[in-house]
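# Structure assessment
Chain by chain, the residues run as shown.
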Amino acid sequence: MTTLKTKQAIPAEGHLATTPASEARARHTPLVPSAGARRVWLTLLGWGIALLIFFPILWMVLTGFKSEAEAIADPSLIFTPTLESYVAVQARADYFKFALNSVVVAFGSTLLALAIAIPSAYAMAFLPTRRTKGTLLWMLSTKMLPPVGVLVPIYLIFRDFGLLDTRTGLIIVYTLMNLPIVVWMLYTFFKDLPRDILEAGRMDGASTFQEVVYLLLPLTLPGIASTGLLSVILSWNEAFWSLNLTSSNAAPLTAYIASFSSPEGLFWAKLSAASTMAIAPILVFGWLTQKQMVRGLTFGAVK
Amino acid sequence: MATLQLHNIVKRFEGTEVIKGVDLEVNDREFVVFVGPSGCGKSTLLRMIAGLENATSGDIMIDGKRINEVGPAERGLAMVFQSYALYPHMTVEDNMGFSLKLGGVSKEERQRKVREAAAILQLEPLLERKPKALSGGQRQRVAIGRAIVRNPSIFLFDEPLSNLDAALRVQMRIELARLHEELDATMIYVTHDQIEAMTMADKIVVLQGGVVEQVGSPMELYHHPRNRFVAGFIGSPKMNFLAVERVSASPTGVEVRLPGGETCTVPVDGSSLRDDALTLGIRPEHLQLEPEGPLSGRIEVIERLGGVTSLYVRMQDTLVTVSADGNVENRVGDTLRFGFDRACAHLFDAEDLALPSLARHPLAGLNRQDNRAPSVAGGQ
Ligand SMILES: Nc1ncnc2c1ncn2[C@@H]1O[C@H](COP(=O)(O)OP(=O)(O)OP(=O)(O)O)[C@@H](O)[C@H]1O
Ligand SMILES: [Mg+2]
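Treat the numbers as computed from the prediction; the structure is a model and nothing was measured.

### Points about the site of ligand 1
Residues and elements named next belong to chain B. All residues adjacent to ligand 1 are Phe-13, Val-18, Ser-38, Gly-39, Cys-40, Gly-41, Lys-42, Ser-43, Thr-44 and Glu-159. Between ligand 1 and the protein, one listed contact pairs an oxygen atom with a backbone N or O atom of Cys-40 at 3.2 Å. Side-chain polar atom of Thr-44 to an oxygen atom of ligand 1: 2.5 Å apart, as the coordinates give it. When the free accessible area of ligand 1 is taken as 630 Å², the share hidden by the protein chains comes to 57%. The dominant element in the shell around ligand 1, judged by the number of residues it contributes, is helix H1 (residues 42-50), at 3 residues. Classifying every residue of the shell around ligand 1 gives 3 nonpolar, 5 polar and 2 charged.

### Some thoughts on the UniProt feature "transmembrane region" (unreviewed entry) in chain A
In the numbering used here, UniProt assigns the feature "transmembrane region" (unreviewed entry) to residues 40-62, 103-124, 136-158, 170-190, 211-236 and 267-288 of chain A. Annotated as 96% helix and 0% strand, the span residues 211-236 of chain A places its first and last C-alpha atoms 32 Å apart.

### Some words on the state of the cysteines
Across all of its chains, the model carries 0 disulfides over all chains by this definition. For Cys264(B), which is in no disulfide, the shortest distance to another cysteine sulfur is to Cys344(B) and amounts to 13 Å.

### Here we look at the packing of aromatic side chains
What the rule picks out here adds up to 17 aromatic pairs over all chains. Judged by centre distance (5.6 Å) and plane angle (65 degrees), the ring pair of Tyr95(A) and Tyr256(A) falls under edge-to-face. Here the residue Tyr95(A) occupies a position in helix H7 (residues 95-126), and Tyr256(A) occupies one in helix H15 (residues 253-258), the gap between them amounting to 161 residues. Ring centres of Tyr87(B) and Phe98(B) lie 4.8 Å apart, and the angle between their planes is 65 degrees; on these two criteria the pair is classed as edge-to-face. Here Tyr87(B), found in the loop between strand S6 (77-80) and helix H2 (92-102), pairs with Phe98(B), found in helix H2; they are 11 residues apart in sequence, far enough to count as distant. Phe98(B) shares its class with Tyr87(B); the two are buried. Three or more aromatic residues joined by ring pairs make a cluster, and in this case those are Tyr95(A), Phe96(A), Phe98(A), Tyr256(A) and Phe260(A). Its guanidinium or amino end placed over the ring of Tyr87(B), Arg146(B) lies 4.6 Å from that ring's centre, counting from NZ or CZ. The ring of Tyr222(B) has Arg283(B) lying over it, and the distance from NZ or CZ to the ring centre is 4.1 Å.

### With respect to the sheet that holds strand S2 (residues 16-26) of chain B
All names here are of chain B. Spatially, 4 strands are ordered S2-S1-S4-S5 in an open sheet, and the strand pairing comes out antiparallel. Two strands lie at the open edges of the sheet, namely S2 and strand S5 (65-66), each paired on one side alone. Two elements, strand S1 (residues 4-13) and S2, share 8 bridges in a ladder whose sense is antiparallel. By the bridge assignment, Arg-12 is partnered in S2 with Glu-17. Of the strands in this sheet, S1, S2 and strand S4 (57-62) touch H1, which is tilted by about 115 degrees from S1.

### A closer look at the interface of chain B and chain A
Taken together, the 22 residues of chain B in the interface contact 15 residues of chain A. At the junction of chain B and chain A, the tally comes to 1 salt bridge. Counting across the chain B and chain A interface gives 7 residue pairs in polar contact (both at pLDDT 80 or more). Sorting the residues of the side of chain B that touches chain A by element identifies H1, S6 and H2 of chain B as the ones contributing at least two each. It is H2(B) that provides the largest number of residues to the side of chain B that touches chain A, a total of 4 residues. Partitioned by chemical class, the residues of the side of chain B that touches chain A number 15 nonpolar, 3 polar and 4 charged.

### Regarding the domain arrangement of chain A
All names here are of chain A. Taken as a whole, chain A is organised into domain 1 (2-64) and domain 2 (87-297). Residue-level contacts link 5 residues of domain 1 with 7 residues of domain 2. The largest contributions to the domain 1 side of the interface with domain 2 come from Met-60, Thr-63 and Gly-64, which together make up 73% of the buried area. Linking domain 1 with domain 2 are 0 salt bridges. On the surface where domain 1 and domain 2 come into contact, there are 0 residue pairs in polar contact (both at pLDDT 80 or more). Its residues assigned to classes, the side of domain 1 that touches domain 2 shows 3 nonpolar, 2 polar and no charged.

### A look at the pattern of salt bridges
Tallying each qualifying case throughout the model produces 23 salt bridges over all chains. Put simply, Arg47(B) and Glu53(B) hold a salt bridge, and the shortest N to O gap is 3.0 Å. Residue classification places Arg47(B) among the buried residues on the basis of a relative accessible area of 15%. With a closest N to O distance of 3.2 Å, Glu69(B) and Arg66(B) form a salt bridge. Under the relative-accessibility criterion, Arg66(B) is labelled partly exposed at 42%. Several salt bridges converge on common partners, so that one network encompasses Arg195(A), Glu199(A), Arg47(B) and Glu53(B).

Calculation notes
Residues numbered from 1 in each chain as written. Chains lettered and ligands numbered in written order. Predicted model: local features only at pLDDT ≥ 70, side-chain atom pairs only at ≥ 80, totals over all residues. Heavy atoms only, no water. Near = heavy atom within 4 Å. Polar contact = N/O pair within 3.5 Å; in protein donor to acceptor, adjacent residues only side chain to side chain. Areas by Shrake-Rupley, 256 points an atom, 1.4 Å probe, with all protein chains shown as cover. Helix = DSSP H or I, 4+ residues; strand = E, 2+ residues; numbered from the N terminus. Nonpolar A, V, L, I, M, F, W, Y, C, P; charged D, E, K, R; others polar. UniProt positions renumbered as here; feature names shortened; annotations may be inferred. Disulfide = S-S within 2.5 Å. Phe/Tyr/Trp six-rings, centres within 6.5 Å; stacked < 30°, edge-to-face > 60°. Buried < 20%, exposed > 50% of the residue type's maximum accessible area, 1.4 Å probe, protein only. Lys NZ or Arg CZ within 6 Å of the ring centre and 35° of its normal. Pairing = 2+ DSSP bridges. Contact = heavy atoms within 4.5 Å. Axes fitted to C-alpha atoms, helices over the stretch in contact; angles between N-to-C directions. Salt bridge = Lys/Arg side-chain N within 4 Å of Asp/Glu carboxyl O. Domains from an automatic or database assignment. Buried area = accessible area lost by both parts, 1.4 Å probe.

See the structure below:
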């Protein structure tokens, strides 16, 4: 808009034609902020948004180190840190048992989902039919169904098969829950792989299995890894099914947190301590793998 | 050491017929080139031979055995892709030895064979590199090396040179021709570049719209194109086509009226000719400046290449290309007269089919191998 106005303000057409370069310079210099200033603003904005998102977590971690009295007092950053909540929490429930369940269930369901999704995505990406696109969309659309809608049937099935409060049961549910996303992501990664490479492998005598193991998997490993990481995180954080389908034996960390919220009213410090311990492993895990995550998620975009 | 036959091959993609009944015979150790415009089905045909695509109907035979249902690896063929399709995560050595590894060949044996192929292609210094550290030409050679290592009965190439620059293309063209002699293998080569086809082929298969228009040696296609499409496709610059009128026709020649009103007789068999509106085809290199010539026109564009000068001459409503001597001194706007050798002219009927010429060109039976031994040349 501004450039247009400036242009109209130039009176004689003859001048416009004679010095286009100088005119362009005159028009642009005052309008575009320098690259340095722009960068500072973007950085500040980035930090601002990050802080906003991270603030609840930060607050929770801080609260975990407060005493119960301080926790319900007026919000304050100044307090004497104490581990009493952590001690109390550990005295009431065995953290490591829940954590182990979380690890087994998150990784187990991810491995199972990958084992099912890799062949499916292979078929969809390299041997598509007229219905492939539709199938993919349908799979994704199942994620739009509220889980509570199938709670009763699944609960009954689990009861009859003896899967209630078992890790196997949770693994099955989480696998099914994540499968659409995992298949979809793998499909897009596989689709980016030039077909020629697999065809060259086939000409070289590779069976479908060898094609997958020697060519497809190594070449799409970044994508597979980030898909797996996402699946682990989603499974780790899942609460609805774990609260409804487990009680003690197979209860993961989400159930552990929840156990601190209800019976005797809310104890903010203990709840925060428990939550901090529950998210710590996945936070560290995410931190360590974030490079891989980003690389995988932008795999197609930068190629 | 292999022959290939295609019998009435048809390929349909979801109802669209892409290959419409192709018959073809490829002899042992022959270099066959499929050529045609983009989308004519060259790659599809090649991929069916390779086994990467199923034929909808028809028979594909190697050494007389039907192999439609045999998998790509078991057919004993090797393919070089346009994109090279190297395995990006493997070194050159592993790329070339991959088929052997899958075949369970021992490590030492594998290394020996890879080095043998690398020597043929001068790839030894690159064996440890990954494909992304190679230039286009080097990648191309690795892709060819990967094919050689398999020791296939037939090599298949799908536009292997189209991603290279012009100079490298010429060099690789020569290298491939040399390789063909050295390996003594049957090769099938797809290209849309008629120069590649002309220079490398023993036999050219001209395809258009999924149909074989003509099969023959390069010289056969150049001198005796079966129809207007082949005539226009083979040869560079393109053949000129002039609309002419029949004056009289006999088994010993057809007299036609040229655009300028003059008449001339083309030595073709006109015994079964019924149409009046014909097309005269003259290659640019067969037109000469001739003060008394039957054609005349005004020069619109001049392109000087040094050795040759291309004149674009307006004759009535057609722009005719003339390959003239490099030293012609004419300028744009000059009006000149042109003549042509009647024996080199082609006449096409209303269906665009060429009328058979009375004499076969002495070189029409020549194939590339005859170039080696001058005593064989002349093939009559
Ligand atoms: N998998 C496919 N599904 C549908 N149509 C296809 C498929 N593969 C090829 N075709 C069609 O078949 C025709 C021939 O394709 P093909 O790739 O064989 O052409 P080509 O002669 O190799 O062309 P180019 O010189 O551009 O490579 C084209 O019209 C193309 O659109
Ligand atoms: Mg092609």
